[in-house]
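Each chain, letter by letter, is given below.
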Amino acid sequence: MPPALVVPFTKMSGAGNDFVVLDNRFLRFSDAELAALAARVCPRRVGVGADGLLALDDPDAPGADFRMRYRNADGSLATMCGNGARCLARFAARAGLGHEHETGGIALTFDTDGGRYTAVVAGGRTASGPVRLDVPEPRAFSAVTELAGVLLVDGHADPLVRIWTGTEHAVAFVPDAAAVDLAEAGPRIRHDAGFAPAGTNVNVAEVTSRGDAEHDARLTVRTFEKGVEGETLACGTGALAAALAAYRTGRVAVPRVLVAMPGGVLRVAFAPDGSSELTLDGPAETVYEGTLEA
C-alpha cells in the first residue's frame, strides 16, 4: 500500500463562511480529486469542517494572477463563492502573487468558473484588513411566483427575486428574517422545479434601514446554500444578491448596503444603475494551518 500523501492546508473564514484552502500549484489535484477531497474533509465532526474547498491554481488565461477552483462541501461544483474568493485573494497575496495597489494593498486578477474577478487585499501581504472583491454585472434578474410552495412568515409571502451573482440565488423579502424556518423552506425552494436543473441558493432578507445620502442601507440576511445543503454563517454571493434585489425593487434607497449575516457584516456597493461597479467588502481571515492525508 503506497504511503498517504500529506497535504498542507489553511483553514480560512470570511465572516464565518469557512474554507479549506490548498495551494494546488504544487499539489496538482485534478477536478475529480478536488471534488472527492472536499466531500471527505469538509463534513463537520468527522473532517476538518468547512463550507467548501478552495484551490489556488496557476492561471490558465493571459492577464490573470491565478485560477480559483472551488468545490462545495459535498464535492459539487460551485461556479463562484464571494467569501471564498476574498479568502483565496488573501491567501494568494501572502503567497506573493499580485501587485501593489495605489491604496497600499495588493491587487489581484483571477479566473473562476463564474468569470474573471479582481480583488484588493487591504494593508499589504501580511496585514489582516478587509478584502474587496470587484464583481461582474449580475444577470437573470426576475420575479419568481410559480413555486410548488410559497415562503410564509406570519401569512406574509412576496414573490421571490431570482438573480445570478456568480451563482444562482433566490431572495425572499420578509418582515422578520429570524422568524423564518430556513431549515424547512430552504430545501423546498432550493429543489423547486422552477429553479431546475441547477437549483438555487435561498436567501431571506429583512430591510432594517433604507439608507440616505449620508448613511448606508441595512439588511439582515440568512442564506441556505446548495452544495452545503444547510444554512451558512455568511454567503458573499447571497449578500450581493439580496442587496441588489433590495435596490432594484425599491426597498432600499441607496446603492450602498451593509448586510448583517449570522457570522458578520459584509458591505455591498454598486453604481446607481444597480448593475455596474459592484463590490463586496468584508473580513477574510486565517483560522489555522495544518496537514491532512489524501
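Structure first, text after, so check above.
For the structure given in this document, a descriptive report is provided here. Remember, predicted model here, so these are calculated numbers, not experimental data.

## Some thoughts on the overall build of the protein
Along the backbone of the protein there are five helices and 18 strands. A globule of 294 residues ought to have a C-alpha radius of gyration of about 19 Å, and the protein, at 19 Å, matches this closely. Burial analysis of the protein (294 residues in total) assigns 55% to the buried set. Of all intrachain contacts in the protein linking residues separated by at least 6 positions in sequence, the fraction that spans at least 24 positions is 61%. Across the protein, the mean location of the 27 positive side-chain charges is 2 Å away from that of the 37 negative side-chain charges.

## Brief notes about helix α3 (residues 82-94)
If you check α3, its first and last C-alpha atoms are 19 Å apart, about what 13 residues at 1.5 Å a residue would give, namely 18 Å. For α3, a buried count of twelve out of 13 residues is recorded, marking the element as mostly surrounded by other parts of the structure. Looking one or two residues past α3, glycine 96 carries a phi angle of roughly 95 degrees, positive in sign.

## Focus on the pairing of strand β3 (residues 52-57)
Along β3, six of the six residues are buried, which leaves the element largely enclosed by surrounding structure. Neither face of β3 is left uncovered, since the one carrying Gly52, Leu54 and Leu56 and the one carrying Leu53, Ala55 and Asp57 both have all their residues buried. Across five bridges, strand β2 (residues 17-23) lies against β3 in parallel orientation. Within β3, the position partnered with aspartate 23 by the bridge is leucine 56.

## What to know about unusual backbone geometry
Each neighbour pair has its own omega, and for alanine 196 with proline 197 the value is 0 degrees, a cis peptide bond. Position of proline 197 among the secondary structure elements: in the loop between α4 (182-190) and β12 (201-209). Phi at arginine 45 is positive, roughly 80 degrees, even though this residue is not glycine. Along the chain, arginine 45 falls in the loop between α2 (31-41) and β3.

## Brief notes about the pairing of strand β6 (residues 106-112)
With seven of its seven residues buried, β6 lies for the most part within the structure. Taking every second residue as pointing to the same face, both faces of β6 are buried, with Ile106, Leu108, Phe110 and Thr112 on one and Ala107, Thr109 and Asp111 on the other. Between strand β5 (residues 99-100) and β6, which follow one another and run antiparallel, lie five residues, and glycine 104 among them has a positive phi close to 100 degrees. Linking β6 back to strand β7 (residues 115-121) in an antiparallel pair, the connection comprises two residues.

## What about the pattern of salt bridges?
Taken as a whole, this structure holds 19 salt bridges when the rule is applied. Lysine 11 is paired through a salt bridge with aspartate 18; the nearest N and O atoms lie 3.4 Å apart. As far as burial versus exposure is concerned, lysine 11 and aspartate 18 are alike and both buried. Put simply, aspartate 18 and arginine 44 hold a salt bridge, and the shortest N to O gap is 2.7 Å. Of this pair, aspartate 18 sits in strand β2 while arginine 44 is found in the loop between α2 and β3, placing the two residues 26 residues apart along the sequence. The exposure class assigned to aspartate 18 is buried, which follows from its relative accessible area of 8%. Relative accessible area serves as the criterion here: at 43%, arginine 44 is assigned to the partly exposed category. A cluster of three or more residues bridged by salt bridges with shared partners is formed by Asp31, Asp57, Asp60, Arg67, Arg69, Arg71 and Asp113.

## Looking at the environment of valine 268
Here valine 268 is to be found in strand β16 (residues 264-269). When the C-alpha positions of valine 268 and alanine 239 are compared, they lie 7.3 Å apart, and in sequence the two are 29 residues distant. When neighbours within four sequence positions are excluded, valine 268 is seen to be in contact with Ala239, Leu240, Ala243, Pro255, Arg256, Val257, Val259, Leu278, Thr279 and Leu280.

## Examining the nonpolar core
Side chains of nonpolar character tend, in soluble globular proteins, to be buried together. With 59 residues, the main nonpolar core has Phe66, Met68, Leu108, Leu133 and Val268 as its most contacted residues. Counting residues per element, this core draws most heavily on helix α5 (residues 236-248), which supplies nine residues. Setting aside residues no more than four positions away along its own chain, methionine 68 makes contact with Leu54, Ala55, Met80, Cys81, Gly84, Ala85, Leu88, Phe110, Asp111 and Thr112. Counting residues in hydrophobic clusters, the runner-up holds 15 residues, among them Leu37, Ala38, Leu53 and Ala73.

## Considering the environment of leucine 77
Looking at the secondary structure, you find leucine 77 in the loop between β4 (66-72) and α3. Residues leucine 77 and alanine 234, spaced 157 residues apart in sequence, show a C-alpha to C-alpha distance of 19 Å. Contacts of leucine 77, omitting those with residues within four sequence positions, involve Tyr70, Arg71, Asn72 and Asp113.

Conventions we followed
- Residues numbered from 1 in each chain as written.
- Predicted model: local features only at pLDDT ≥ 70, side-chain atom pairs only at ≥ 80, totals over all residues.
- Heavy atoms only, no water.
- Helix = DSSP H or I, 4+ residues; strand = E, 2+ residues; numbered from the N terminus.
- Rg over C-alpha atoms; globule rule 2.2 N^0.38 Å.
- Buried < 20%, exposed > 50% of the residue type's maximum accessible area, 1.4 Å probe, protein only.
- Contact = heavy atoms within 4.5 Å.
- Lys, Arg positive; Asp, Glu negative; His and termini not counted.
- Charge placed at Lys NZ, Arg CZ, Asp CG, Glu CD.
- Expected span 1.5 Å × (residues − 1).
- Pairing = 2+ DSSP bridges.
- Salt bridge = Lys/Arg side-chain N within 4 Å of Asp/Glu carboxyl O.
- Core = buried A, V, L, I, M, F, W, Y, C linked by side-chain atoms within 4.5 Å.

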